[in-house]
Amino acid sequence: MEIPEWLKYQTSGYRHQASSKKQRERFLDKTLRHVLSFTEDIMFNETVSFKRGLLQGIEPRLKILSLIIFIIILSLQRSINGMVIFLIISLSLMSLSRIPLSLFLKRLLPVFLFTTVIAFPATFNFIVNGDPLLILYRFDTSHQVGPIEIPSVISLTRQGVSSALILTLRAVTSLSILFLITLTTPPTMLIKAITYFIPDTLKSIISISYRYIFFLIRKLEQFIMGIKSRNISAVSAPVQQRLVTSRIGLLFSLSLRLSNDLERAIESRGYNYKSKVQSSKFKVSELSSIDIMWLFLSVIFTGLMIWKSLD
Amino acid sequence: MHIPDGYLGPITYGSLWGGIIPVWIYASKKIKEIFKASHVPLLALSSAFSFVIMMFNVPIPGGTTGHATGATLIAILIGPWAATLALSISLIIQAFLFGDGGITAIGANCFNIAFAGAIGGYGIYRLISGARGKGQGVKTELRTPNSELRTRQLIGAGIGAYVSINFAALFAAIELGIQPILHTGLDGRPLYSPFPLSITIPSIMIGNLLIFGIIEAIVTILVLIYLRKSHPELIRG
C-alpha cells in the first residue's frame, strides 16, 4: 500500500503546533491514567488486606470504629508528644499487620509533602509571632506586603516551628490511621462495615455509588480516548475544553440512564432497600479472643490519651 | 478545597457536624416528597458522577489545572436537596476510601461543598434565570423555546456555578482562618491551622476567584448546552 502524499510532507506550522500541544495532551492522558490507576489501586488491590496480620484478623466493624475513635482522640491532642505516641502506635500496627513500609510511605508521602509546604511559612515570625529561635534577616523598618506585616527582624519562632510540626504530625498521623483501615480491610468489606452504622436507605445509596465510581471513570476514559483516536492532530484549547465538557455531559446522561435501568431492575426483583441482606448482626458473643484483646487495649489506650489531652 | 484531618479543631469540626446533620435529615425528607419513585439509584449515580467530576482535572492556560465540584450543575439537574445528599455521599466515600478530605472534617467539607455550594449556587441560578418549580431541578424551564430566557438561564447557571465554588472556598477559608483564634497553646502557638483570616481568605480565594470559579462556570454552561442539544430527553418536562 502506498503512503499518501499528504503524509510525506510536514509544514513548519504543523510541527510548531504539534510540539506546543503535546504537553497539554500528555497532561490530559497523565491525569486520566493517574485517576484510573489510583482508583483501581484503592478499590481492587487486596494483596495486603488478605495477609495474615493483626488488623486483618480483627472484626472489621470493631476495627473501623476503634481506629476512627483514635483519629478523633488524636485531634484532641495538644502536644507534640501526644501525636508522636499516635504515630508510633500507627507504625507498630502497620508492622504487626504486615503492611510493607514502602507502600505505607508511598501513600503518606504526598500528604506529608503537601502539609510540610503549607505549614512551612508558619515557622516565620510574620505568620506566628513568638520567641525567636533563629534570626534570619534585619530590615531597617517593617514592611506591609498585602495582608502580611513583615517585621524589621525576620526570624524563625519557637511557637511557629512547634505549630508547623503539630500540623504536619497531626495530618500525617491521622491519614496513617485511616490507611491502616483501608489497607487491611477488603474494599467491599470496608463499605459494608462503614454502612453498618447508618440507616438502610443511605446504606444502599453508598453501596451502589461505590460500585459505579470505577465504571464511570472507565467510561469517561473510553469517551475521551474515542475522541483522541479519531483526531490526527492536536486540537486547540477551546475545542478540547468543549470536548471534555461534552463528555462530562454524556457521562451525566449515562448516569441518569443507568439509574433508571437500575431502578427498574431493583423493582422487578422486589428489593425495597430495607432488606438486611448486606449486613450481619454485630454480636459481642461472636467476638474472637483477638477482638476482645483489641477492644480491651483500645479502651485503655483511648482513656489514657483522653486523659493526656486534658493536661 | 477538601480540608484534611488536623487542620480544624474540635470546636469547629464538631459545630459543622452539628450543622450538616440537620441538613441531611431535611434533604432526605425533601427528596422523599419530590421524587415519587425511589430516589436511591438516582442519588447513588449522581453521587458517583460528582465523584468523577471532582477527580477530573481540566487544563487551563498557564499549564496548571483545576477541577469542578459540579455542585450547581447537579443541583440544576436533579434538584438542590438531592444534590446536597449526592455530593455529601461522594465526599464521604472520598474521605474514607481515598483519604481525600479528613474523617473529622467530613462535616465541614459536606457543609462547604455539598450544602453551601449546591444551595448557594442553585439559589443564584434561580434568582438570575427566574426559574420556577419546587426544587426538582429546573428541567422544565431548561426546555423553554424562548431563546432570551434560555440565555438568561445559562448565564444564571454560569454565575451560580462561579459563586457556588467561591462560597465553598470562602467557608473553608473562614473555618481555617479562625483556628488561631479558637485554639492556641499556653505559649501562644496555634494548635491547628496556624494561618489567620487575613491570610487564609486571600490565599484561598484568589485561586478560586481567578481560576477554579471560571472553570466551574464554563463546565456548567457547556455541559448544560450539550445536554440540551444532544440529550433533550433527560431534560424532563
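Rules behind the numbers
- Residues take numbers from 1 onward in each chain, read along the sequence in its written order.
- Both sets of labels track the order of writing: A upward for chains, 1 upward for ligands.
- Local features are withheld for residues below a pLDDT of 70 in this predicted model, meaning they are given only at 70 or higher, and side-chain atom pairs are given and counted only at 80 or more; totals for whole chains, interfaces and linings count all residues.
- The basis for every side-chain value is the complete set of non-hydrogen atoms in the structure, without hydrogens or water.
- Where helices and strands are cited, they refer to DSSP runs of H or I of at least four residues and of E of at least two residues respectively, numbered from the N terminus.
- Note on classification: 1.4 Å probe, protein chains only; a residue is buried when its accessible area is under 20% of the maximum for its type, exposed when over 50%, partly exposed between these limits.
- The contact rule is simple, with two residues in contact once any of their heavy atoms fall within 4.5 Å.
- Each accessible area is a Shrake-Rupley result for a 1.4 Å probe, and residues are judged covered by the shown protein chains and nothing else.
- By the convention used here, strands pair only if DSSP detects at least 2 bridges between them.
- Here a salt bridge means any side-chain nitrogen of Lys or Arg lying within 4 Å of a carboxyl oxygen belonging to Asp or Glu.
- By this rule, a helix spans an expected 1.5 Å times one less than how many residues it contains.
- By definition, pLDDT measures how confident the predictor is in each residue, and it falls between 0 and 100.
- As used in this record, nonpolar core signifies buried Ala, Val, Leu, Ile, Met, Phe, Trp, Tyr and Cys residues forming a set joined through side-chain atoms within 4.5 Å.
- For this analysis, a ring pair means two rings from Phe, Tyr or Trp (six-membered ring only for Trp) whose centres lie within 6.5 Å, classed as stacked if their planes differ by under 30 degrees, edge-to-face if by over 60, and tilted for the remaining angles.
- Placement of a positive charge over a ring is assigned whenever Lys NZ or Arg CZ falls within 6 Å of the ring centre and within 35 degrees of the normal to the ring plane.
- Pairs of N or O atoms are called polar contacts if they sit within 3.5 Å, as long as, within protein, a hydrogen donor faces a hydrogen acceptor (for residues adjacent in sequence, only side-chain-to-side-chain pairs).
- Values labelled buried area give the accessible surface lost by two parts on being combined, using a 1.4 Å probe and summing over both.
- Think of a patch as exposed residues, more than 30% relative accessible area, with no salt bridge, where like charges cluster within 9 Å and nonpolar side chains (Val, Leu, Ile, Met, Phe, Trp, Tyr) cluster within 5 Å.

Q: Just checking my understanding: could you explain the overall build of chain B for this structure?
A: Counting its secondary structure elements, chain B contains nine helices and two strands. Mapped from its N terminus to its C terminus, chain B presents α and β elements in the order α-α-β-β-α-α-α-α-α-α-α. Counting only residues that meet the buried cut, chain B has 64% of its 237 residues in that class. In chain B, of all internal contacts separated by at least 6 residues, the share reaching a separation of at least 24 is 73%.

Q: Could you clarify how one ought to interpret the overall build of chain A in this entry?
A: Scanning chain A for helices and strands turns up ten helices and four strands. In chain A, the order of α-helices and β-strands from amino to carboxyl end is α-α-α-α-α-β-β-β-β-α-α-α-α-α. Within chain A, buried positions represent 44% of all 311 residues. For chain A, the share of sequence-separated contacts (at least 6 apart) that also reach a separation of at least 24 residues comes to 80%. Here chain A has roughly 17,100 Å² of accessible surface; of this, 63% comes from carbon and sulfur atoms.

Q: Help me understand the pairing of strand β4 (residues 153-157) of chain A in this model?
A: Working note: regular strand, side chains alternate between the two faces of the sheet. Residue and element names in this part refer to chain A. With four of its five residues buried, β4 lies for the most part within the structure. Where strand β1 (residues 132-138) meets β4, five bridges bridge the pair, whose relative direction is antiparallel. Each bridged residue has a counterpart across the sheet, and for Pro132 the counterpart in β4 is Thr157.

Q: So what exactly am I meant to see when it comes to the pattern of salt bridges here?
A: Two side chains of opposite charge can pair, provided their charged atoms sit close to one another. Across all of its chains, the model carries six salt bridges over all chains by this definition. Asp131(A) serves as the salt-bridge partner of Arg158(A), at 2.8 Å between the closest nitrogen and oxygen. One end of the pair, Arg158(A), is in helix α6 (residues 158-184); the other, Asp131(A), is in the loop between α5 (101-119) and β1, and 27 residues separate them in sequence. Look at Arg158(A) and you get partly exposed, because its relative accessible area is 40%. Judged by its relative accessible area of 35%, Asp131(A) is partly exposed. Here Asp261(A) makes a salt bridge to Arg264(A), at a shortest N to O gap of 3.0 Å. Residue Asp261(A) and its partner Arg264(A) are located together in helix α9 (residues 237-268), separated by three residues, close to a single helical turn. On the accessibility criterion, Asp261(A) (41% relative accessible area) is partly exposed. The exposure class assigned to Arg264(A) is exposed, which follows from its relative accessible area of 52%. Linked by salt bridges that have partners in common, Asp131(A), Arg158(A), Asp187(B) and Arg189(B) make up one network.

Q: Would you mind going over α9(A) with me for this structure?
A: Residue pairs spaced three or four apart in an α-helix point in one direction, given the helix's 3.6 residues per turn. Over its 32 residues, α9(A) extends 46 Å from the first C-alpha to the last, a length consistent with the 46 Å expected when each residue adds 1.5 Å. Phi turns positive one or two residues past the end of α9(A), at Gly270(A), with a value near 70°.

Q: Which parts of the structure should I look at to understand the environment of Met43(A)?
A: The residue Met43(A) is located in helix α2 (residues 12-44) in this model. For the pair Met43(A) and Pro187(A), spaced 144 residues apart in the sequence, the C-alpha separation amounts to 5.9 Å. Look past the residues within four positions of Met43(A) in its chain and what remains in contact with it is Pro187(A), Tyr210(A), Ile213(A), Phe214(A) and Phe98(B).

Q: I'm lost on the confidence of the model for chain A in this one. Help?
A: When pLDDT drops low, the exact placement of atoms in the prediction is not to be read closely. Residues and elements named next belong to chain A. Taken over all residues, the pLDDT of chain A has a mean of 82, while the share at 70 or more is 84%. Averaged over each element, pLDDT in chain A is lowest for helix α1 (residues 5-8) (59) and highest for helix α4 (residues 80-96) (95). This stretch, residues 11-21, has a pLDDT under 50; its non-local contacts, to residues over four places away or in other chains, come to eight contacts.

Q: I tried to follow the nonpolar core on my own but got confused; where do I start?
A: For soluble globular proteins, nonpolar side chains are generally found buried alongside one another. By size, the foremost hydrophobic cluster in this structure holds 135 residues, and its most contacted members are Phe49(B) and Leu97(B). The contact partners of Phe49(B), leaving out residues within four places of it in the chain, are Leu216(A), Ile248(A), Leu251(A), Phe252(A), Ser255(A), Leu73(B) and Ile74(B). The next biggest cluster of nonpolar side chains, apart from the first, holds five residues, and it includes Ala122(A), Val128(A), Phe195(B) and Ile199(B).

Q: It is not clear to me how the packing of aromatic side chains should be interpreted in this structure. Could you clarify?
A: Geometrically, a pair of aromatic rings is defined through the distance of the ring centres and the angle of the planes. Inspection of the entire model under this criterion finds 16 aromatic pairs over all chains. Judged by centre distance (6.1 Å) and plane angle (80°), the rings of Trp17(B) and Trp24(B) are edge-to-face. Where Phe111(B) meets Phe171(B), the ring centres are 5.7 Å apart and the plane angle is 80°; that geometry is what we call edge-to-face. Of this pair, Phe111(B) sits in helix α5 (residues 106-129) while Phe171(B) sits in helix α7 (residues 147-177), and the two are 60 residues apart along the sequence. You can call Phe111(B) buried: its relative accessible area is 16%. Members of the aromatic cluster, each reached through a chain of ring pairs, are Tyr26(B), Trp81(B), Phe111(B), Phe115(B) and Phe171(B). Directly above the ring of Tyr196(A) sits Arg61(A), whose terminal nitrogen or CZ lies 4.5 Å from the centroid. Residue placement shows Arg107(A) over the ring face of Phe179(A); its charged tip is 5.7 Å from the ring centre.

Q: Looking at this structure, I do not really get the environment of Val223(B). What am I missing?
A: By secondary structure assignment, the location of Val223(B) is in helix α9 (residues 197-230). Classification of Val223(B) as buried rests on a relative accessible area of 0%. For Val223(B) and Leu73(B), which are 150 residues apart along the polypeptide, the C-alpha to C-alpha distance reads 8.2 Å. Sequence-distant contacts of Val223(B), that is, excluding residues within four places in its chain, are made with Thr245(A), Ile248(A), Gly249(A) and Leu73(B).

Q: Explain helix α4 (residues 80-98) of chain B to me, please; I cannot follow it from the model alone.
A: With 19 residues, α4(B) extends 26 Å from end C-alpha to end C-alpha; this agrees with the ideal 27 Å at 1.5 Å per step. Looking one or two residues beyond α4(B), the residue adopting positive phi is Gly99(B), at roughly 65°.

Q: What am I meant to see in the side chain of His2(B) here?
A: Residues and elements named next belong to chain B. Topologically, His2 is positioned in the segment before α1 (10-34). Judged by its relative accessible area of 15%, His2 is buried. Side chain to side chain, His2 and Gln94 meet in a polar contact 2.7 Å long.

Q: I'm lost on the interface of chain A and chain B in this one. Help?
A: Accessible area lost on assembly of the parts is the figure often given for the size of an interface. Across the contact, 78 residues belong to chain A and 59 residues belong to chain B. Together, the buried faces of chain A and chain B total about 6,300 Å²; carbon and sulfur atoms form 79% of this surface. One can count one salt bridge joining chain A with chain B. Asp187(B) serves as the salt-bridge partner of Arg158(A), at 3.6 Å between the closest nitrogen and oxygen.

Q: What exactly am I supposed to notice about a nonpolar patch on the surface here?
A: There is a patch of nonpolar side chains on the surface, built from Met293(A), Phe296(A), Leu297(A), Ile300(A), Leu304(A) and Trp307(A) and spanning about 670 Å² of accessible area. Tracing the chain through its elements places Leu297(A) in helix α10 (residues 289-309).

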